[in-house]
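# Observations on chain architecture
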Amino acid sequence: MKMKTAVLIQAHKNENYIRELALNNPSVRFYVHMDAKYPNKIQWIKNECIDNIYLIENPVSVYWGGSSQIFATLLLMKKAYSDKRNKFFHLISSECVPLKSFVEIENEWSMNENCQFIESHRDKNNEWRLKVRVPHSNTKYLRTFLGRCANKLFKVTTFVWDSIGLNPDNYFFGSQWFSVTRNFVEQVIDEDNEDFFKTFHNITCADEHAFAIFARTKYSNPNDIQDNNKRFIKFSGKSSPEYLSLDQVGGIKNLNSYWFCRKVRCNDLLKIIRQGK
């Protein structure tokens, strides 16, 4: 079957899982941005010489909550868009697992092929991020104790001062993981939008705002935005989602409502792929 699917993977680990995922889906094209801080992992994937894995040759160093997440995504989009066979684009991490076959997902999406499965909604709890630039937001220090304390101080300043000046009507929020069409990707990577994405430099968790705002304010067909990314992600009061067990993954799969879930540990990811669970 001639597949129209591109899977864009942001990773800093789990290269064995990426390998297995690609080998088990030879008709799907996998585009991998391996964090530049891990050159040995990049070289390992290169040495595997897997035909349907396409590595980003000049990756960026990626930091949790930083604008580097945006630029890694843009690199993946540009690489995947260059292949005209790609019509459906899934952005995942190397801790995400597909809950349906990519053939099933393609067939389901083809019934409503203009839909953009990306979250984009208002969230008052996170709007402060769009009012202040945090100098350490794209560094390893954001998640340290002192970094978190500084982040809270910057948050307090937003109650009296907006130092960025974005339109408050456009304070949209959503998960950084999404599934979008070629038309959406084409508009994202258009040169005219380069400055738009640069405005998110030093905004905390910029990846949870940039594409959500783009979807509502710059994409030509905002009515196609589903505010649903077809992913199961479980948060329990922390900034990062919980890891899911094999039993939990099986239960989520049986719901038949999601295309992917996260986060899943590497050993469990490999079991799911090898056993077809």
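Just so you know, these numbers come straight off a predicted model, no measurement behind them.

Counting its regular elements, the protein chain contains 10 helices and 10 strands. In terms of C-alpha radius of gyration, the protein chain reaches 18 Å, essentially the compact-globule figure of 19 Å for 277 residues. Counting only C-alpha atoms, the protein chain reaches 55 × 40 × 35 Å along its principal axes. Evaluated residue by residue, the protein chain yields a buried proportion of 51% over its 277 residues. Considering only contacts in the protein chain between residues 6 or more positions apart, those separated by 24 or more positions represent 75%. Of the accessible surface of the protein chain, which amounts to about 13500 Å², a share of 49% is contributed by carbon and sulfur atoms.

So, on to the pattern of salt bridges. The tally for this structure, following the rule as stated, stands at 17 salt bridges. For Arg-19, the salt bridge identified is with Glu-48, shortest N-O distance 2.6 Å. With a gap of 29 residues between them, Arg-19 in helix α1 (residues 15-23) and Glu-48 in helix α2 (residues 39-48) connect regions that are remote in the sequence. Relative accessible area serves as the criterion here: at 26%, Arg-19 is assigned to the partly exposed category. The network of salt bridges with common partners includes Arg-19, Glu-20, Glu-48 and Arg-274.

Tallying each qualifying case throughout the model produces zero disulfides. Free cysteine: Cys-261, not disulfide-bonded; nearest cysteine sulfur from Cys-96 at 8.0 Å. Cys-266 forms no disulfide, and the closest cysteine sulfur to it belongs to Cys-96, at a distance of 13 Å.

It is worth spelling out the nonpolar core at this point. One broad rule of soluble globular proteins: the nonpolar side chains tend to lie buried together. Ile-9, Phe-30, Ile-53, Val-97, Phe-102, Val-249 and Val-264 are the most contacted members of the largest nonpolar core, which totals 38 residues. Counting 36 residues, the second largest nonpolar core, distinct from the first, contains Phe-89, Phe-200, Ile-203 and Ile-225.

Reading the values: rules and limits
Residues numbered from 1 in each chain as written. Predicted model: local features only at pLDDT ≥ 70, side-chain atom pairs only at ≥ 80, totals over all residues. Heavy atoms only, no water. Helix = DSSP H or I, 4+ residues; strand = E, 2+ residues; numbered from the N terminus. Rg over C-alpha atoms; globule rule 2.2 N^0.38 Å. Buried < 20%, exposed > 50% of the residue type's maximum accessible area, 1.4 Å probe, protein only. Contact = heavy atoms within 4.5 Å. Areas by Shrake-Rupley, 256 points an atom, 1.4 Å probe, with all protein chains shown as cover. Salt bridge = Lys/Arg side-chain N within 4 Å of Asp/Glu carboxyl O. Disulfide = S-S within 2.5 Å. Core = buried A, V, L, I, M, F, W, Y, C linked by side-chain atoms within 4.5 Å.

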